[in-house]
Amino acid sequence: MPARRRTATRKTAARKKWVYLFSGGKAEGDASMRALLGGKGAGLAEMTNAGLPVPPGFTITTEACNAYFAANKQLPRGLWEQVERGIATIEKAAGKKLGDTKNPLLVSVRSGAAMSMPGMMDTVLNLGLNDETREGLERLTNNPRFAWDAYRRFISMFGRIVLGIPGEAFEHALEANKRKSRAATDADLRPDALRQLVAEYKEIVKRETKKDFPTEPRAQLRLAIEAVFQSWFGRRAVDYRNQFKIRHDLGTAVSVVTMVFGNMGNDSGTGVAFTRDPNTGTKELYGEYLVNAQGEDVVAGIRTPSKIAQLKSEMPKVYEQLEKIAKRLEKHYRDAQDLEFTIERGKLYMLQTRSAKRTARAAVKIATDMVGEGLITKDEAIRRVDPAQVEQLLLPRFDDKEVEKARGEGRYLAKGLNASPGAATGRAVFDADRAVELKGAKQLVVLVRPETSPDDFHGMVAATGILTARGGSTSHAAVVARGLGLPCVSGCAALDIDLGKREMRVNGKVVKEGEPISIDGTTGEVFAGELPTILPNFKGEKELSELLSWADKRRTLGVWVNADTPEECRLARELGAEGVGLARTEHMFRQAERLPIVQDMIMADDTEGRKKALAKLLPFQQGDFVEMYTAMDGLSVVIRLIDPPLHEFLREYADLDVEIAVDKALGKDGAQIEKKEKIWKRLEQIQEDNPMLGLRGCRLLLVYPEILEMQIRAILGAAIDAAEQGVRAKPEIMMPLVGTMGELDRLHEQVVQVAETVFKERGRRVPYKFGTMIEIPRACLISDEIATKAEFFSFGTNDLTQTILGISRDDAQKSFLTQYVEKKIIPNDPFQVLDREGVGEMMRISIQKGRTTRPDLKIGICGEHGGDPSSIEFCHQVGLTYVSPSTYRVPVARLAAAQAALAGAAERDR
Ligand code: PEP
Ligand code: MG
């Protein structure tokens, strides 16, 4: 950079506002400044402006954090001067001074990004303490225990977070000290013991860093601010952002806040409160607090806290004030809030407010209740609920009968807190890395820990459920599990976990690593062994039905379903499906009584032999179709003809060569061996190197037209059967894997021919449609021609993604795709989230061309993307007629489609 410009940039940096004050009922920021001040900083500013009791402080902006990293970890120019001014302001407001031995000001240095990332970054409390200020604090409070306790907490926290000393070093010293002084809990440590501990902690710092503990408060502050900045790129924060797809360039703000103490005796305390129950959504103050403790004790789950209702009798005035503040904040933010508070000698202080994380059930209930209370509109309610959360509401739960049976068999182990709902069964694993390992080996795991910390995050993501021995329903485990939609049982005190031996003892039983356990996050119960799960009753979800009925009024995209059986059709219709967008007929071939017939067909030596086998299959398919039409009475049922390569129906014979060799060695029956050899030979004949690009889809139908004939007979024969029973059958026949007009023309000809024959034979005609999947890039490019024959299109984005990206889904997901996503070579797994630039662009071309020929062309999507909210948004934008997800994603799609419509309308209004 030329020197002049560099100087100019420096000057701009020096003039730039890096620090925003909040003090004395007035703040420089407000709630709208989340991006700059982080959620915490914006919340503190807003609460200050609203006249709530917030200790004075200031927030350093996220821009400062980004500037710090841009300048190779140097504080930007002008920042420190602004921090000094900030300190001077809060010193004045608090009537205390940083480093003053008589009346010391202590501060907390807190992280806070724009997006809530609970516990993922670092915070330092009690900053400003050294030997002299500690003495001052003791004199001031007349409470030596408190002053020593604050000091030892500060050294260990600062040591761990700022100086990078492993936490165990301090924990071991604390445990040894407790044993020596016969203290059962931290709270039982007497001043002398704490003084001794402080000396030991200082030794640890010296040993680990080769330097004395920094005693100058301003130096402490500078180091702490830098450490909080750096925690933005700490492993757990990076993992968390990857998981929740949060950008890495947002940076964290740092709030420096006057310390208030919840550990000044029994008239003090600290806690977390939710304005509504985050599990159920019930409108009542929910939360926990600890008397004589600091905030870290609640979040870390080291002591099990009391329920907030108890505060009503313990400190009635404080409770009343808290309830009032909670109501006010909820009204102000028009959303349920998660509050952090501290009570210092009977006086309540608010330290944080943020939108409360909640379960799917709570999200839906709060949104619909708030519409009823006139707090938000129906459109806002639709926007408030994450479509992915809706899937959670349809989570499996344990079958009551099986639970009773398990009890009878003595498999009930214990009960903890029902911290996050849903049922999970898996192998017990006692550390996060092992959970990741087993997940990699395709095992279901339940992560069991004494308590979780942010360092366990990667293991939590890999688990199907989480079980902890300690911690309440606002502990780290509970909060994170709810965010991830994982079942969690916390505070299960009966567990005695031995991490060294990788086992737990519970009520006289031992569960070792790898043994199955089952946890119920809805009841808090824990069982040994596996418990079968059942799916919940959608009809019972009244609030969800109401929310979705509002969503239906807003969306323009249809929501159909991928369903292959009559049962699935019935369920899907209950869930709101408006048609079947894909029935994969080959799934009907896999059922027990049918597979041998299909295999006979494959084994047949000639057309006649194949026709014989197909004639046996026909009644099965026809029967299925009648039931499906009946379930979908009056709605379209898109039936796709056979798609997979034939060898997929001979999977059970994959090791037949070995079997034959063994049979021969054992001298088994010759006729049997001969039969097996015939199958093996056929298998070898039809084996392909790239079966996904081989003889499958419409290619199979063109090579073996008798298969097409049987399927068309079944589809239309069933439609006539159904019509005779008064059912309004609407079959739509769909061809897979079409890439050329040569294929489509012939297929169309054959379909018409068979249809006419069937109609003649039955003496009755039924309406049907002829269409095609668009899942080969070439089909996108000639969609104008395709639309001359096809009356509808359906994007098969599974194959379209494979063929456009040249990535085999089955192989890639096993090998490089996960790494690609982790290393950010590509932003998402393209088989889950539609690749808009590549696949999406091809879709646009196809839609545009197809509708040039046929303006009213009906176009859907039936690849997995049809159930993914972000892909659904894209489908709305490009003007698809409908999306067709798998059954349980139908409600997800209804909500996501409405959100896409609302977002589109908002965009147009802008
Ligand atoms: C597709 O390719 O998107 C599709 C729906 O077909 P299948 O997954 O059965 O290949
Ligand atoms: Mg396909």
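Residues numbered from 1 in each chain as written. Chains lettered and ligands numbered in written order. Predicted model: local features only at pLDDT ≥ 70, side-chain atom pairs only at ≥ 80, totals over all residues. Heavy atoms only, no water.

Colleague: Can you lay out the packing of helix α25 (residues 607–631) against helix α29 (residues 705–724) for me, pointing to particular residues and giving the numbers?
Modeller: Between α25 and α29, the least distance of the axes is 8 Å, while the angle of their chain directions is 30°. Considering the angle they form, α25 stands roughly parallel to α29. Both α25 and α29 take part in a crossing whose hand is right-handed. Here T607, R610, K611, L614, L617, L618, Q621, Q622, F625, V626 and Y629 of α25 come into contact with α29, specifically with E706, I707, M710, Q711, R713, A714, I715, G717, A718, A719, D721 and A722. Of the residues in the contact of α25 with α29, the class split is 13 nonpolar, 5 polar and 5 charged. (Axes fitted to C-alpha atoms, helices over the stretch in contact; angles between N-to-C directions. Helix = DSSP H or I, 4+ residues; strand = E, 2+ residues; numbered from the N terminus. Parallel < 35°, antiparallel > 145°, perpendicular 65-115°, else oblique. Left-handed = near helix turned anticlockwise from the far one by under 90°. Contact = heavy atoms within 4.5 Å. Nonpolar A, V, L, I, M, F, W, Y, C, P; charged D, E, K, R; others polar.)

Colleague: A description of the site of ligand 1 should follow, citing residues and the corresponding values.
Modeller: Every one of the 13 residues lining ligand 1 counts as a neighbour, but R584, R640, G796, N798 and D799 are closest to it. A distance of 2.8 Å is found between an oxygen atom of ligand 1 and a side-chain nitrogen or oxygen belonging to R584. Taking N798, its main chain carries an N or O atom lying 2.7 Å from an oxygen atom of ligand 1. For ligand 1, whose free accessible area comes to 290 Å², the fraction covered by protein is 91%. For the shell around ligand 1, the elements supplying multiple residues, two or more each, are β29 (580–584) and α33 (797–805). Here the shell around ligand 1 takes 3 residues from α33, the largest share from any one element. Residue classes in the shell around ligand 1 are distributed as 3 nonpolar, 4 polar and 6 charged. (Near = heavy atom within 4 Å. Polar contact = N/O pair within 3.5 Å; in protein donor to acceptor, adjacent residues only side chain to side chain. Areas by Shrake-Rupley, 256 points an atom, 1.4 Å probe, with all protein chains shown as cover.)

Colleague: Break down the packing of aromatic side chains for me, with residues and values.
Modeller: Evaluation of the coordinates by the stated rule reveals 18 aromatic pairs. Seen in terms of ring centroids, W148 and Y151 are 6.4 Å apart; in terms of plane orientation they differ by 35°. Their pairing is tilted. One end of the pair is W148 and the other is Y151, both in helix α6 (residues 144–161) and 3 residues apart, which spans about a single turn. For the pair formed by W148 and Y151, the shared burial category is buried. Between F816 and Y820, the aromatic rings sit 5.0 Å apart at their centres with planes inclined by 65°, giving edge-to-face as the arrangement. Of note, K16 hangs over the ring of W18, and the distance from its end group to the ring centre comes to 5.8 Å. Directly above the aromatic system of W148 lies the positively charged group of R134, at a separation of 3.6 Å from the ring centroid. (Phe/Tyr/Trp six-rings, centres within 6.5 Å; stacked < 30°, edge-to-face > 60°. Buried < 20%, exposed > 50% of the residue type's maximum accessible area, 1.4 Å probe, protein only. Lys NZ or Arg CZ within 6 Å of the ring centre and 35° of its normal.)

Colleague: Tell me about a nonpolar patch on the surface, and name the residues and values.
Modeller: A cluster of nonpolar residues, V658, V662 and L666, forms a patch on the protein surface that exposes about 280 Å² of accessible area. Looking at where L666 falls in the secondary structure, it is placed in the loop between α26 (656–665) and α27 (670–686). Under the relative-accessibility criterion, L666 is labelled exposed at 60%. (Patch = residues over 30% accessible without salt bridge, like charges linked within 9 Å, V, L, I, M, F, W, Y side chains within 5 Å. Salt bridge = Lys/Arg side-chain N within 4 Å of Asp/Glu carboxyl O.)

Colleague: Quick rundown of the sheet that holds strand β10 (residues 286–291)? Include the residues and the values.
Modeller: Strand order in this open sheet of 5 strands is β11-β10-β9-β12-β13, and the pairing throughout is antiparallel. Of all strands in the sheet, those with a lone pairing partner are β11 (306–307) and β13 (347–355), marking the two edges. (Pairing = 2+ DSSP bridges.)

Colleague: Go over the coordination of the magnesium ion (ligand 2) with me, naming the residues and quoting the values.
Modeller: Coordination sphere of the magnesium ion (ligand 2), protein contribution only: E775 (OE) and D799 (OD), at 2.0 to 2.2 Å. One end of the pair, E775, is in the loop between β32 (769–774) and α31 (777–781); the other, D799, is in helix α33, and 24 residues separate them in sequence. Classification of D799 as buried rests on a relative accessible area of 9%. (Donors = N, O, S within 2.8 Å, 3.2 Å for Na, K, Ca; no water.)

Colleague: Before we move on, can you summarise the side chain of E340 with the specific residues and values?
Modeller: Position of E340 relative to the elements: it lies in strand β12 (residues 337–344). The class of E340 is buried, set by a relative accessible area of 17%. Not counting residues up to four positions away in its chain, the partners in contact with E340 are R110, G271, V272, Y349, M350, L351 and Q352.

Such coordinate-based values are descriptive only and should not be taken to indicate function.
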